[in-house]
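Inside the fold
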Amino acid sequence: MTPSLRKPRRMRQGNLIRDMVRETIVTTDDLIMPLFVCPGTGVRQAVGSMPGVDRISVDVAVQECAELRALGIKAVILFGIPAEKDPLGKEGYCDHGIVQTAVRAIRAAVSDLMIITDVCLCEYTDHGHCGVLIDGDVDNDATVDLLVREAVSHAKAGASMIAPSDMMDGRIGAIRQGLDQAGFSHIPIMSYAVKYCSAFYGPFRDAADSAPQSGDRKSYQMDPANSREAMIEASLDYEEGADILMVKPALPYLDIIAKLRANFSTPIAAYHVSGEYAMVKAGEKLGWIDGTRVMMESLLSIKRAGADIIITYYAKEFARLQREAQEG
Ligand code: PBG
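Residues numbered from 1 in each chain as written. Predicted model: local features only at pLDDT ≥ 70, side-chain atom pairs only at ≥ 80, totals over all residues. Heavy atoms only, no water.

Among the nonpolar cores identified, the biggest contains 109 residues, and Met190, Val194 and Leu260 are the most heavily contacted of them. A per-element tally of this core places helix H4 (residues 140–157) first, with eight residues. In this view, Met190 contacts Ile32, Ile116, Met161, Ile162, Ala163, Pro164, Ile244, Met246, Ala269 and Ile311; residues no more than four positions away in its chain are not counted. (Core = buried A, V, L, I, M, F, W, Y, C linked by side-chain atoms within 4.5 Å. Buried < 20%, exposed > 50% of the residue type's maximum accessible area, 1.4 Å probe, protein only. Helix = DSSP H or I, 4+ residues; strand = E, 2+ residues; numbered from the N terminus. Contact = heavy atoms within 4.5 Å.)

Given below as structure tokens:
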């Protein structure tokens, strides 16, 4: 047998060389922390299926954002749990809605933090669908009108970036136009461009109390079987003016992240969703896996696949571990 000239293990001999040749690094700069904001004061209510994630009132959200910023986190994404839900999701787009109130309070108290807002109606509608129901289905254009109002109201409150997660056709173009006309042409849009109809959103719907009361989201969210269609969705959102394209969920769709990375030059974001987080937390609780190592490997894999930005419930935990490592 001729000796092999190629010996990849030479590059793995010790920490020093491994650190030198490492191709992918996750930092707190890459991460966005989701927060669930609810009415009241002093509220911090645990979400059963998402250990470590709470519903918090605006005053607590302000403290939380200050803490996140001190840990090096630069962006949060806000989800609202309104006091009242109704068929048209009014609290989603009124100027004194829960998210608008939270944005103003955080903006006033915490400087130098990106406040991204999720734009969708499912958290605000009593039927739990992401838009206006007409004859049992979500009406596209009636929904888009309300989404534009929601986006503009978030921008008025002081949001740094708008993230539409509804999956209606044409909403990015309409929101871009609405923002521009209202004087917010400088506010970027991070589009949930490729959002699958996924079972991995279960724990989020517990947190936001937003599970559809009837039916499912198959008529607007994408079929998990489809990959070419992801290119259609991403291309449309790009052409309509999206600044950042997002894939959601993350780990089961790394192929889609890689495909978008190869085909678009915008930043690519991935949403490491509630179910992905909950599974790791559950496995850790049972003692079946090392939760911290699985977290690190998951975030690394999402970035290696091509994501520049990761929305993850692990953001704070990751930032804290990084801080401890630096100090230790
Ligand atoms: C709103 C929205 C959802 C998520 C983000 N924005 C829920 C859904 O579409 O049902 C899910 C996030 C997660 O699971 O962590 N449409």
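Okay, back to it.
Our next topic: the site of the ligand. Neighbouring residues of the ligand: 20 residues in total, closest Lys195, Arg205, Lys248, Ser274 and Tyr313. Between the ligand and the protein, one listed contact pairs an oxygen atom with a side-chain N or O atom of Gln221 at 3.0 Å. Side-chain polar atom of Ser274 to an oxygen atom of the ligand: 2.7 Å apart, as the coordinates give it. Judged by the proximity of its atoms to the pocket grid, the ligand belongs to the largest cavity. Within the residue set of the shell around the ligand, elements represented by two or more residues are strand E9 (190–195) and helix H6 (202–208). Along the lines of polarity and charge, the residues of the shell around the ligand split into eleven nonpolar, three polar and six charged. (Near = heavy atom within 4 Å. Polar contact = N/O pair within 3.5 Å; in protein donor to acceptor, adjacent residues only side chain to side chain. 1 Å grid on protein atoms, 1.4 Å probe; cavity = no way out; pocket = protein on both sides within 12 Å on 5 of 7 lines; lining within 4 Å. Sits in = over half its atoms within 2 Å of the grid points. Nonpolar A, V, L, I, M, F, W, Y, C, P; charged D, E, K, R; others polar.)

This part takes up empty space enclosed by the protein. In total, this model carries one cavity of 30 Å³ or more according to the counting rule given. Of the pockets and cavities examined, the largest cavity occupies roughly 160 Å³. Elements that contribute at least two residues to the lining of the largest cavity include exactly E9 and H6. Looking at the lining of the largest cavity residue by residue, the classes come out as nine nonpolar, four polar and six charged. (Points joined across faces, edges and corners; volume = space filled by probe spheres on them.)

Note on placement: Arg320 falls in helix H11 (residues 315–327). Arg320 sits 287 residues away from Met33 along the chain, and the two C-alpha atoms are 13 Å apart. For Arg320, the residues in contact, after removing those within four places along its chain, are Glu67 and Leu71.

What follows is about the environment of Thr27. Its place among the elements puts Thr27 in the loop between helix H1 (15–21) and strand E1 (31–38). Spatially, the C-alpha atoms of Thr27 and Ile309 are 10.0 Å apart, while their sequence positions differ by 282 residues. Only 3.1 Å separates the side chain of Thr27 from the backbone nitrogen of Asp29, close enough to count as a polar contact.

All told, the structure shown has zero disulfides when counted by the stated rule. Among the cysteines around Cys94, which has no disulfide bond, Cys38 carries the closest sulfur, lying 16 Å off. Free of any disulfide, Cys197 has its nearest cysteine sulfur in Cys130, 9.6 Å distant. (Disulfide = S-S within 2.5 Å.)

Moving on, we come to helix H3 (residues 98–109). Over its twelve residues, H3 extends 17 Å from the first C-alpha to the last, a length consistent with the 16 Å expected when each residue adds 1.5 Å. Among the residues of H3, those classed as buried are Ile98, Val99, Gln100, Ala102, Val103 and Ile106. Structurally, H3 contributes buried residues whose contacts are with E1, helix H2 (58–70), strand E4 (75–80), strand E5 (114–119) and H4. (Expected span 1.5 Å × (residues − 1).)

Attention shifts here to a nonpolar patch on the surface. A contiguous nonpolar surface patch, about 310 Å² in accessible area, is contributed by Met11, Met20 and Val21. Looking at the secondary structure, you find Met20 in helix H1. (Patch = residues over 30% accessible without salt bridge, like charges linked within 9 Å, V, L, I, M, F, W, Y side chains within 5 Å. Areas by Shrake-Rupley, 256 points an atom, 1.4 Å probe, with all protein chains shown as cover. Salt bridge = Lys/Arg side-chain N within 4 Å of Asp/Glu carboxyl O.)

With that out of the way, let us pick up the pattern of salt bridges. Close approach of charged atoms allows side chains of opposite charge to pair. Taken as a whole, this structure holds 16 salt bridges when the rule is applied. In this structure, the salt-bridge partner of Lys74 is Asp29, at a minimum N-O distance of 2.7 Å. Here Lys74, found in the loop between H2 and E4, pairs with Asp29, found in the loop between H1 and E1; they are 45 residues apart in sequence, far enough to count as distant. A relative accessible area of 34% means that Lys74 is categorised as partly exposed. The class for Asp29 is partly exposed, based on a relative accessible area of 49%. Between Asp112 and Arg69 there is a salt bridge, with the nearest N and O atoms lying 3.3 Å from each other. In this pair, Asp112 sits in the loop between H3 and E5 while Arg69 sits in helix H2, placing the two residues 43 residues apart along the sequence. Each of Arg44, Asp54, Glu64, Glu67 and Lys316 takes part in a single network of salt bridges with overlapping partners.

Without other data, these values stay purely geometric and don't point to any function.
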